[in-house]
Structures are given as C-alpha cells and as structure tokens.
Amino acid sequence: MESKSAVIVIPNDQARTGRKRPLFLHPVLGAPLLTWLANALTMQGVTRYFLVCQERYLSEARQCLPEGCDIYACADREAGDPLHVFLSC
C-alpha cells in the first residue's frame, strides 16, 4: 500500500500577525493549529510529513505531529535538498 505524504510549511508570519510565535503554533481550542491540521491529515491517511519552519520552532512544531508517522523536519533556509529527497521516496 502506498503511503500518503504531506508537506507543511509554517510561514514566518510574526511581523504580519504581531504574535511572538508563528500562528500555526498558537492554541485553538486547547491545541496548536498545527496539531489540528496534522490530525485531520492523518485521518485522511497521511503517514509521512515534511515540515519546514524557522529553526527555533522545529522542536515545538515536531511535537504537534502524530506519533508513529515518518517526520522529516528542517529549517526554512535548508529545505531545498531535503525536500527533493522526501519527494523522491
């Protein structure tokens, strides 16, 4: 069975929103928005995630993704080559 994959890019929207952290990491009904997104994707069969965000938020963002999934994460400045590898698998 072929696995489904998702690429999630957390934009640096702090200047636009005025928040101290990216909007995807702010809680909505008790959980970060990224958690809601990942749960919805997982319910649709996604088992592989490629996550791109600012390096200082990588650890926090990884915690929002479901356990048991393949997670590839990298800082926004170094995403090109790792993304190419992720998409070729």
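What you see is a predicted model; the values in this text were computed from it and never measured. (Residues numbered from 1 in each chain as written. Predicted model: local features only at pLDDT ≥ 70, side-chain atom pairs only at ≥ 80, totals over all residues. Heavy atoms only, no water.)

Q: So what's going on with the side chain of glutamine 54? Which residues, and what values?
A: Position of glutamine 54 relative to the elements: it lies in the loop between β4 (46-53) and α3 (58-62). In this structure glutamine 54 touches Asn12, Gln14, Pro22 and Asp76, once residues within four positions along its chain are discounted. (Helix = DSSP H or I, 4+ residues; strand = E, 2+ residues; numbered from the N terminus. Contact = heavy atoms within 4.5 Å.)

Q: Describe a nonpolar patch on the surface, naming the residues involved and giving the relevant values.
A: Taken together, Leu23, Val28, Leu29, Leu33 and Trp36 make up a surface patch of nonpolar side chains, about 480 Å² in accessible area. Here leucine 33 is to be found in helix α2 (residues 33-43). (Patch = residues over 30% accessible without salt bridge, like charges linked within 9 Å, V, L, I, M, F, W, Y side chains within 5 Å. Areas by Shrake-Rupley, 256 points an atom, 1.4 Å probe, with all protein chains shown as cover. Salt bridge = Lys/Arg side-chain N within 4 Å of Asp/Glu carboxyl O.)

Q: Before we move on, could you go through the pattern of salt bridges and cite the residues and values that matter?
A: Per the counting criterion, the structure on display carries one salt bridge. Here arginine 21 makes a salt bridge to glutamate 60, at a shortest N to O gap of 2.8 Å. With a gap of 39 residues between them, arginine 21 in the loop between α1 (14-17) and β2 (27-28) and glutamate 60 in helix α3 connect regions that are remote in the sequence. Of the residues examined, glutamate 60 reaches a relative accessible area of 28% and is grouped as partly exposed. (Buried < 20%, exposed > 50% of the residue type's maximum accessible area, 1.4 Å probe, protein only.)

Shape descriptors only; they carry no functional weight alone.
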